[in-house]
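Breakdown of the fold
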Amino acid sequence: MSPKRVIEVKDVVTRFGERTIHDGVNLHVNEHEIYGILGESGSGKSVLMKEMIMLLRPTAGKITVLGYDVTDISYEEAQELRREWGVLFQFGALYSSLTVAENIELQLKEYTDLSKQLREELVRTKIAMVGLAPHVGALYPSELSGGMIKRAALARALAMDPKLLFLDEPTSGLDPVGARNFDKLIVELRELLGITVVMITHDLDSIFSIVDRMAVLADKHVVVEGDLKNVLQSTHPFVEAFFKNEYTQEKYLGKIKAENVQ
Amino acid sequence: MNSAYLLYEDHEQYLKLISKGEWTIKTVPQIEKLLQKVPTDRKIIWDVSGVKLFDSAGVLLFIEYLERFQKHTEVKVVGYTPKQQEMYNLLVKSMHESVPPREEHFLESLGKKVVGLYSDFRDFLTFLGETMITAFHVITHPRFFRLKETVYHIYQSGFSALMIIGLTAFLVGMVIAYQGAVQLAKFGADIFIVDTVGISITRELGPMITAIVIAGRSGSAYTAEIGAMKITEEIAAMRTMGFDPYNFLVLPRIVALIIALPILIFFADIVGIFGGMVASGLQLHITFGMFVDRLYEVLEVKHYILGMIKGPVFAFVIAAIGCFRGFKVSDNTESIGLQTTASVVNSIFLVIAFDALFSVIYTELGL
């Protein structure tokens, strides 16, 4: 039995004026996997993610998320869908006028009838879950470091216990140790909560260690989709340049080859 | 000619140019002046072995003049070090890759501006449409109304503005009275100062002064707040969480200002007339008692009402433009400034335009 598809992108075309960003993009994301979207800058990774989360509309094509066709969805359905996912923006996008705790609590307050006490407990749990100290809840976003902002934003994305998590470059701007811890956290959350994760990333460490499947965007198309082995078989110039340069060869591919030999 | 950076020896067949000392960003301007004077009627031998210190600016200068000399005569460069050669290779590449700056034809920029104006107008209509849809939705589903935000904005745009509105209105009232007093005293019509002040403040100046101060104070704040939220992606984050920014950001601001502005106008009317009273007392020796008696006689309620009707209209204009301009902010910090300026300019202009429209309507209706 093939696994359940959480997201399906079919023949998506995106144009901004005369500029074509996507010209027939196809991919799908299976349940419970960590799915990476790769590509050079300007290849339309962020645009594709924005189309999945209904911030932009594709010019043509169809995107299905958790069973809803987001290119043709009613207001009520859209509102329901929005409660089932969490989004982590590249720079956090925490509401600067609210404290971290209030940021996390906001959706619970708006969308649920939970008591104040229960809400506060939930907020505390989420803060602990992403590895922040309890006192961070009382701070404002401007008082946080880059890494803390990402963690707080992740806690907010997890507030409604979503089934699906979108991450836009989760490890960019973090120090190497922080980035690896963040990777570990994402894997833990996947195991613990059974969520599906879609992430835009450039981080080779993430790609080689936590991403299950990925799509490589280049030349307005998905040039290759699949797990690391499939992707490495591609001879597309971007894949060649990204994965088969001296640095990656030395640091990662040697390791993979060694594993394969065993 | 000699200097610390460049020497040249004149020979019969050639000119020997000797660079020395520091060729760095600090000394380049001086060196350039020297290089300009180098004659190019003979073959040049350029010895750069004496250069002790150089940076990219120094090497760029060297490249530029080398090419310039080469156009007129034969040049031979001697004595360069491998490091200089490396820097030369690096810079010579980037120099020739430069793209000529794009020149925009007058008609092209004019066309762009016209199209820009048109698309601004269309976007504004879209914005108004979205706002109306949200307003309708909230009217039919009152539980979605953001009371807390609305109250907050009433406080921010209304209560906090009392001081500045009061001060402005007081001064305007005084100025009107002083100016009027001089003219009226000539006719011995001193007491008519009460009519002048009372009617002009309640009917025209109170609403307009208040609207202009609020446009500068709150309209700009709305643009900057929403614009900053757009840059930090807070608005995108709201959308992904299902929080409609029109309901969360726009409607509370518009409703708050529609409530707050008439109250501020009422306050401005009182303080403005009081300013006129003080000035009349000082200039024409009309006592407060006389002033109030006369005011009671001549100031019909209709003038006050006609002034107050403008309040909600001005409020809507200011808040709508302020929010609209905020949404127009694009992903750079410069555009916050541009949009905030545009917001204040647009809303002050529209306030005055609407005020003129009101005057025409009132006159036509014989009010």
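Every residue gets a number counted from 1 within its own chain, in the order that chain's sequence is written. Labels follow written order: the first chain is A, the first ligand is 1, and so on. Only residues with pLDDT of at least 70 get local features here, since the model is predicted, and only at 80 or more are side-chain atom pairs given and counted; chain-wide, interface and lining totals rely on the full set of residues. Just so you know, side-chain values use all the structure's heavy atoms and leave hydrogens and water out.

Let us look at the overall build of chain B. Scanning chain B from terminus to terminus reveals twelve helices and four strands. A globule of 367 residues ought to have a C-alpha radius of gyration of about 21 Å, yet chain B, at 35 Å, is considerably larger. In what follows, a contact means two residues having at least one pair of non-hydrogen atoms within 4.5 Å. Within chain B, counting contacts between residues at least 6 apart in sequence, those at least 24 apart form 80% of the total. Residues scored as positive are Lys and Arg, those scored as negative are Asp and Glu, and His as well as the terminal groups of each chain are ignored. To locate a charge, take NZ of a lysine, CZ of an arginine, CG of an aspartate or CD of a glutamate. For chain B, the centre of its 31 positive side-chain charges and the centre of its 35 negative side-chain charges are spaced 4 Å apart. The way it works is that DSSP assigns letters per residue, a run of H or I at least four long becomes a helix, a run of E at least two long becomes a strand, and they are numbered from the N terminus. What the globule rule says is 2.2 Å times the number of residues to the power 0.38, and the radius of gyration is computed from C-alpha atoms.

This part takes up the nonpolar core. For soluble globular proteins, nonpolar side chains are generally found buried alongside one another. Note on terminology: a nonpolar core comprises buried Ala, Val, Leu, Ile, Met, Phe, Trp, Tyr and Cys residues joined through side-chain atoms within 4.5 Å. For every residue, the accessible area obtained with a 1.4 Å probe (protein chains only) is divided by the maximum for its type, and the residue is called buried under 20%, exposed over 50%, and partly exposed between those limits. If you look at the biggest cluster of nonpolar residues, it comprises 148 residues, and the most contacted ones within it are Ile 7, Leu 27, Phe 166 and Phe 243 of chain A. It is helix α9 (residues 245–284) of chain B that provides the largest number of residues to this core, a total of 15 residues. Sequence-distant contacts of Phe 166 of chain A, that is, excluding residues within four places in its chain, are made with Ile 7, Met 49, Met 52, Ile 53, Trp 85, Gly 86, Val 87, Leu 88 and Val 198 of chain A. Membership of the second largest hydrophobic core comes to 27 residues, among which are Val 38, Leu 66, Phe 69 and Leu 91 of chain B.

A few words now on the interface of chain B and chain A. Listed by partner, the interface residues are 14 residues for chain B and 20 residues for chain A. Counting the surface lost from both chain B and chain A, the interface buries some 1500 Å², and carbon and sulfur atoms represent 57% of this. What counts as a salt bridge is simple: a side-chain nitrogen of Lys or Arg found within 4 Å of a carboxyl oxygen of Asp or Glu. Linking chain B to chain A there are one salt bridge. Among the salt bridges present, the one from Glu 110 of chain A reaches Arg 146 of chain B, with a minimum N-O distance of 2.8 Å. Under the rule applied, a polar contact is a pair of N or O atoms within 3.5 Å (in protein, one hydrogen donor and one hydrogen acceptor; residues adjacent in sequence only if both atoms are side-chain atoms). Applying the counting criterion to the chain B and chain A interface returns eight residue pairs in polar contact (both at pLDDT 80 or more). Buried area: the accessible surface (1.4 Å probe) lost by two parts on joining, summed over both.

Attention shifts here to the pairing of strand β10 (residues 221–226) of chain A. Residues and elements named next belong to chain A. Sheet analysis places strand β9 (residues 213–218) next to β10, joined by five bridges and oriented antiparallel. Residue Met 214 lies in a different strand from β10, and its bridge partner there is Gly 226. Strand pairing follows a simple DSSP-based rule, namely that at least 2 bridges must link the two strands. Adjacent in sequence and paired antiparallel, β9 and β10 are bridged by two residues, among which Asp 219 carries a positive phi angle near 50°.

Right, let's talk about the environment of Gln 79 of chain A for a bit. Positionally, Gln 79 of chain A belongs in helix α2 (residues 75–82). Setting aside chain neighbours within four positions, we find Gln 79 of chain A in contact with Tyr 111 of chain A together with Gly 242 of chain B. Of note is the side chain of Gln 79 of chain A, whose polar atom sits 2.9 Å from the side chain of Arg 82 of chain A.

Turning next to the side chain of Gln 339 of chain B. Residues and elements named next belong to chain B. Residue placement: Gln 339 occurs in helix α12 (residues 333–364). Within the structure, the side chain of Gln 339 is placed 3.0 Å from the side chain of Arg 325, a separation counted as a polar contact. Those residues within four positions of Gln 339 in sequence are excluded, and the remaining contacts are Thr 223, Arg 325, Lys 328 and Val 329.

All names here are of chain B. Considering the arrangement of structural elements, one finds Ser 343 in helix α12. In terms of polar contacts, Ser 343 uses its side chain to reach the backbone carbonyl oxygen of Gly 219, at 3.5 Å. In this view, Ser 343 contacts Gly 219, Ser 220, Thr 223, Ile 321, Gly 322 and Arg 325; residues no more than four positions away in its chain are not counted.

Residues and elements named next belong to chain A. Most of strand β7 (residues 164–168) sits out of view: five of its five residues are buried. As paired strands, strand β6 (residues 85–88) and β7 are joined by four bridges and run parallel to one another. Pairing of Val 87 across the sheet is with Phe 166, part of β7. For a crossover, the right-handed case is the one in which the path from the first strand over the helix to the second runs clockwise, viewed with the strands pointing away from the viewer. Handedness of the β7-helix α6 (residues 176–193)-strand β8 (residues 196–200) crossover: right-handed.

On to the sheet that holds strand β4 (residues 60–65) of chain A. Sheets are built from strands that pair by backbone hydrogen bonding, the pairs being arranged parallel or antiparallel. All names here are of chain A. Taking strand neighbours across the sheet as the criterion, the four strands line up as β2-β1-β4-β5 in an open arrangement whose pairing is antiparallel. The open sheet has two free edges, formed respectively by β2 (19–30) and β5 (68–69), since each of these has just one partner strand. Packed on one face of the sheet, helix α1 (residues 45–52) meets β1 (5–16), β2 and β4 and runs near 120° to β1. Note on geometry: axes are lines fitted to C-alpha atoms, helical ones only across the stretch in contact, with angles between N-to-C directions running from 0 to 180 degrees.

Once that is clear, we can look at the domain arrangement of chain B. Note that domain bounds follow an automatic or database assignment of domains. We note that the domain assignment places domain 1 (6–96) and domain 2 (122–364) within chain B. Using only C-alpha atoms to locate each centre, domain 1 of chain B and domain 2 of chain B end up separated by 66 Å.

To continue, consider a negative patch on the surface. A cluster of like negative charges, contributed by Asp 72, Glu 76, Glu 77 and Glu 80 of chain A, occupies part of the molecular surface. Relative to the helices and strands, Glu 80 of chain A resides in helix α2. Patch membership requires more than 30% relative accessible area and the absence of a salt bridge. Residues of like charge join within 9 Å; the nonpolar side chains Val, Leu, Ile, Met, Phe, Trp and Tyr join within 5 Å. We get accessible surface area from the Shrake-Rupley algorithm with a probe of 1.4 Å; when it comes to residues, only the shown protein chains can shield them.

The subject of this paragraph is the sheet that holds strand β2 (residues 14–23) of chain B. All names here are of chain B. Spatially, four strands are ordered β1-β2-β3-β4 in an open sheet, and the strand pairing comes out mixed. Edge strands, defined here as strands with exactly one partner in the open sheet, are β1 (6–10) and β4 (75–78). Taken over all neighbouring pairs, the strand axes of this sheet differ in orientation by 20° on average, direction set aside. In the sheet, β1 pairs with β2 via five bridges, with the strands oriented antiparallel.

What follows deals with unusual backbone geometry. Residues and elements named next belong to chain A. We note that Asp 161 has phi near 45°; this positive angle belongs to a residue other than glycine. Turning to its location among the elements, Asp 161 is positioned in the loop between α5 (146–157) and β7. Owing to a relative accessible area of 45%, Asp 161 belongs among the partly exposed residues under this scheme.

This part takes up the packing of aromatic side chains. In this analysis, rings of Phe, Tyr and Trp, with Trp reduced to its six-membered ring, are considered paired at centre separations within 6.5 Å, and the interplanar angle assigns stacked below 30 degrees, edge-to-face beyond 60, and tilted for intermediate values. Following the criterion strictly, the structure yields 23 aromatic pairs over all chains and no others. Geometrically, the ring pair formed by Phe 170 of chain B and Phe 274 of chain B is tilted, given 5.8 Å between the ring centres and 40° between the ring planes. Linking Phe 170 of chain B in helix α6 (residues 162–187) with Phe 274 of chain B in helix α9, this pair joins segments that are 104 residues apart in sequence. Connected via pairs of aromatic rings, a cluster forms that spans Trp 23, Trp 46, Phe 62, Tyr 65, Phe 69 and Tyr 88 of chain B. Two conditions define a charge located above a ring, namely a distance within 6 Å from the ring centre to NZ of Lys or CZ of Arg, and an angle within 35 degrees of the ring normal. Over the ring of Tyr 111 of chain A we find Arg 83 of chain A, and its NZ or CZ is 3.8 Å from the ring centre. The lysine or arginine in question, Arg 156 of chain A, covers the ring of Tyr 95 of chain A, its NZ or CZ lying 4.7 Å from the ring centre.

Glancing now at α9 of chain B. Every α-helix winds through 3.6 residues per turn, so residues three or four apart in the chain are directed the same way. All names here are of chain B. One fewer than the residue count of a helix, multiplied by 1.5 Å, yields its expected span. For α9, spanning 40 residues, the distance from its first C-alpha to its last is 55 Å, which sits close to the expected 58 Å at 1.5 Å a residue. Taking the largest bend as the criterion, α9 deviates by roughly 35°, centred on Leu 251, and proline Pro 252 comes between one and four positions later. When you tally the buried positions in α9, you get 29 out of 40 residues, the bulk of the element. At the N-terminal boundary of α9, the capping side chain belongs to Asp 244, with an oxygen 3.1 Å from the backbone nitrogen of Tyr 246. A positive phi of about 55° marks His 285, the residue just after α9. The seven residues ending at a residue and the seven starting there each receive a fitted axis; the angle between those axes is the bend at that residue.

With that out of the way, let us pick up the packing of helix α7 (residues 193–231) of chain B against helix α10 (residues 288–298) of chain B. Residue and element names in this part refer to chain B. Packing of α7 against α10 brings their axes to within 9 Å, and their N-to-C directions diverge by 60°. Here α10 runs oblique to α7, going by the angle between their axes. Note that α7 runs across α10; the crossing there is right-handed. Counted together, Val 194, Asp 195, Val 197 and Gly 198 of α7 and Phe 291, Arg 294, Leu 295 and Val 298 of α10 form the full contact between these two elements. Partitioned by chemical class, the residues of the contact of α7 with α10 number five nonpolar, one polar and two charged. Here roughly perpendicular refers to angles of 65 to 115 degrees, roughly parallel to angles under 35, roughly antiparallel to angles over 145, and oblique to all remaining angles. By definition, turning the near helix anticlockwise from the far helix through less than a right angle yields a left-handed crossing, and turning it clockwise yields a right-handed one. Gly is put with the polar residues, along with every residue not named as nonpolar or charged; the nonpolar set is Ala, Val, Leu, Ile, Met, Phe, Trp, Tyr, Cys and Pro, and the charged set is Asp, Glu, Lys and Arg.

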